[in-house]
There are 2 protein chains.
Amino acid sequence: MPRPDSARDRILDAFQGLLIASGERAATLDAVAAAAGVSKGGLLYHFASKDALVDGLIERLEAFAAADDERMRAAPEGTVDYVIRTSVEEGTPFDEALIAVSRLAQGSHEKARTTLAAVRARWETAIAADVGDPAVARAIMLVSDGLYYNSTLLGAFGTTDSRDGAMDELLAVLARLTPTASPGPAAAS
Amino acid sequence: MPRPDSARDRILDAFQGLLIASGERAATLDAVAAAAGVSKGGLLYHFASKDALVDGLIERLEAFAAADDERMRAAPEGTVDYVIRTSVEEGTPFDEALIAVSRLAQGSHEKARTTLAAVRARWETAIAADVGDPAVARAIMLVSDGLYYNSTLLGAFGTTDSRDGAMDELLAVLARLTPTASPGPAAAS
DNA sequence: GTCTATAGTGAGATAGAC
DNA sequence: GTCTATCTCACTATAGAC
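Residue positions are counted from 1 within each chain, in the order its sequence is given. As they are written, the chains are lettered A onward and the ligands numbered 1 onward, keeping that order. Totals for whole chains, interfaces and linings use all residues, but because this is a predicted model, local features are given only for residues with pLDDT of at least 70 and pairs of side-chain atoms are given and counted only at 80 or more. Values shown for side chains rest on all heavy atoms present in the structure; no hydrogens or waters enter the calculation.

Right, let's get into the interface of chain B and chain A. Reports often express the size of an interface as the amount of accessible area lost when the parts come together. On the side of chain A, 42 residues touch chain B, which itself brings 41 residues to the contact. Together, the buried faces of chain B and chain A total about 3,800 Å²; carbon and sulfur atoms form 60% of this surface. We define a salt bridge as a side-chain nitrogen of Lys or Arg found within 4 Å of a carboxyl oxygen belonging to Asp or Glu. The interface formed by chain B and chain A includes 3 salt bridges. The closest approach of N and O atoms between A:Asp133 and B:Arg176, which form a salt bridge, is 3.6 Å. Polar contacts here mean pairs of N or O atoms no more than 3.5 Å apart (in protein, one a potential hydrogen donor and the other a potential acceptor; neighbouring residues in sequence count only if both atoms are side-chain atoms). Between the two partners, chain B and chain A, sit 8 residue pairs in polar contact (both at pLDDT 80 or more). Those elements that provide at least two residues to the side of chain B that touches chain A are α6 (93-106), α7 (110-131), α8 (134-152) and α9 (166-175) of chain B. Classifying every residue of the side of chain B that touches chain A gives 17 nonpolar, 11 polar and 13 charged. Whether two residues are in contact is decided by their heavy atoms, any of which lying within 4.5 Å being enough. Take the accessible area each of two parts loses on contact, using a 1.4 Å probe, and add the two losses: that sum is the buried area. Secondary structure is summarised from DSSP: a helix means a run of H or I of at least four residues, a strand means a run of E of at least two, and numbering begins at the N terminus for each. In this classification, the charged set is Asp, Glu, Lys and Arg, the nonpolar set is Ala, Val, Leu, Ile, Met, Phe, Trp, Tyr, Cys and Pro, and all remaining amino acids, among them Gly, are polar.

So this is what it looks like as structure tokens:
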């Protein structure tokens, strides 16, 4: 397939970008069309309504999430390292779709909320399988949520700490929770 | 004071409630006026514009935050216990104002974002002072953020775990990070 | 101090030309 | 497939009655 849906994808990108940068309120059909370089009529040819546009974005997120799930299970450093590090990795297509959909989830978009919850549940299940103790898995997953919350909602990971070694330091702290995996006081600065 | 600003407060309550229940998009002047039991004109007498309404809510949040700060510092079980437990305590006036303002922060309301970041920073500072190790304080604060993210954005603490003892269990796991504070396997289960 | 009425703007959506 | 033109409706805000 050389380029089956270039306009469709451009429109979804524009919608996503506006949601991330300015929130649901600013992501109007006019603004999306302008950002995608098409007219409003052109946009509505590809997505018959705003709801259809939202559905398109959610479907795209689900496709990214399925791919991420496979990558997570194959991650060489383990699922904890993978999930924690990718909690803050801004810029991947998956990450951007995730943030855009969380903007929608704050409104009353039920489907956006359930999709996000499903992605999160998959992560926590994988961590629990890796770590053993469900209570520890929950704490680790909450740290991931916290990182995500900071980078997404508060605008920057660096609300608290954006040093280069901050992520290694955090993982070293979390390693203390899983004595089976990391026996010694390894990388703690 | 018998009731100095009852209409003003009712309007802020209505605005806040709509933001929490349905997001920024739905919190229009019409809807706020209807929910507060006044007309649109009446609303605009108290708050000259929508921006003024937003400012009013943020100011109210700051007042609650100052009161919370004093309560945190006086908390008998320590700041970690206090911050973690109140991360998910839905229903207090402070909590509701916080959630409402985070809805606004997702848009482009810069002041809402900085206010939230300031509240968060105060918590983390207090935890760091209590716990000693800044890296541990950061991990604990991220767990608090994660709890908040779950109860706020995903709609329920119970995405993962809403059992009665879940909070005690979580605190027991976190206690392993602060060997200086909690020597034994205290509140586990 | 609170209301009704309404102006002005921008939203989502449709119809039909190209 | 993409455009322009247009419709309707909801939103913010103003003016002035009560």
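Now that the structure is up, let's keep going.
What we call a nonpolar core is a set of buried Ala, Val, Leu, Ile, Met, Phe, Trp, Tyr and Cys residues that are connected through their side-chain atoms within 4.5 Å. Exposed residues in this analysis have more than 50% of their type's maximum accessible area, buried residues have under 20%, and partly exposed residues fall in between, with area computed by a 1.4 Å probe over protein chains only. Residues A:Phe15, A:Ile84, A:Leu170, B:Phe15, B:Ile84 and B:Leu170 are the most contacted members of the largest nonpolar core, which totals 120 residues. Once you skip the residues sitting within four places of it in the chain, B:Phe15 turns out to touch B:Ala27, B:Val32, B:Leu53, B:Val54, B:Leu57 and B:Leu104.

Another point: the packing of aromatic side chains. Within 6.5 Å between ring centres, the rings of Phe, Tyr and Trp (the latter by its six-membered ring) count as paired, and their orientation is classed by plane angle as stacked under 30 degrees, edge-to-face over 60, tilted in between. Using the criterion set out here, one finds 4 aromatic pairs over all chains in the structure. Seen from their ring centres, A:Tyr149 and B:Tyr148 are 5.6 Å apart, and the 85° between their planes marks the pair as edge-to-face. Here the residue A:Tyr149 occupies a position in helix α8 (residues 134-152), and B:Tyr148 occupies one in helix α8, the pair thus bridging two chains. The pair formed by A:Tyr149 and B:Tyr148 is uniform in burial state, with each residue classed as buried. Residues B:Phe94 and B:Trp123 carry aromatic rings whose centres are separated by 6.3 Å and whose planes lie at 70° to one another, so their mutual orientation is edge-to-face. Taken together, the residues B:Phe94 in helix α6 and B:Trp123 in helix α7 connect sequence positions 29 residues apart.

With that out of the way, let us pick up the protein's contact with DNA strand D. Taken together, 15 residues form the shell around DNA strand D, and within it A:Ser39, A:His46, B:Leu29, B:Lys40 and B:Lys50 come nearest. Among all atoms of DNA strand D positioned within 4 Å of the protein, those belonging to sugar or phosphate total 61%. The backbone of A:Ser39 places a nitrogen or oxygen atom 2.6 Å from a phosphate oxygen of DNA strand D. Counting residues per element, the ones that place at least two in the surface near DNA strand D are α3 (40-46) of chain A together with α2 (29-36) and α3 (40-46) of chain B. For the surface near DNA strand D, the leading source of residues is α3(A), giving 4 residues. Each residue belonging to the surface near DNA strand D can be placed in one class, and the counts come to 5 nonpolar, 6 polar and 4 charged. One heavy atom within 4 Å of a molecule or strand makes the whole residue count as near it.

Before going further, it helps to examine the UniProt feature "domain: HTH tetR-type" (unreviewed entry) in chain A. When the UniProt feature table is mapped to this numbering, "domain: HTH tetR-type" (unreviewed entry) covers residues 5-65 of chain A. When the span residues 5-65 of chain A is considered, its composition is 79% helix and 0% strand, and the gap between its end C-alpha atoms is 20 Å. UniProt positions are given in the numbering used here, feature names are shortened, and annotations may be inferred rather than shown by experiment.

Before going further, it helps to examine the domain arrangement of chain A. Residues and elements named next belong to chain A. Each assigned domain of chain A is listed with its residue range as follows: domain 1 (1-48) and domain 2 (61-182). All domain edges in this entry derive from an automatic or database-based domain assignment. Using C-alpha coordinates to define each centre, domain 1 is positioned 27 Å away from domain 2. Tallying the contact residues gives 5 residues for domain 1 and 9 residues for domain 2. Between domain 1 and domain 2, roughly 610 Å² of surface is buried when both sides are summed, and carbon and sulfur atoms account for 64% of that area.

The next thing to look at is the protein's contact with DNA strand C. The environment of DNA strand C is formed by 15 residues, the closest being A:Leu29, A:Lys50, B:Ser39, B:Tyr45 and B:His46. For DNA strand C, the backbone portion of the atoms within 4 Å of the protein, that is sugar and phosphate, comes to 65%. A:Lys50 places a main-chain nitrogen or oxygen 2.8 Å from a phosphate oxygen of DNA strand C. Between DNA strand C and the protein, one listed contact pairs a phosphate oxygen with a backbone N or O atom of B:Ser39 at 2.8 Å. Listed by contribution, the elements that provide at least two residues to the surface near DNA strand C are α2 (29-36) and α3 of chain A together with α3 of chain B.

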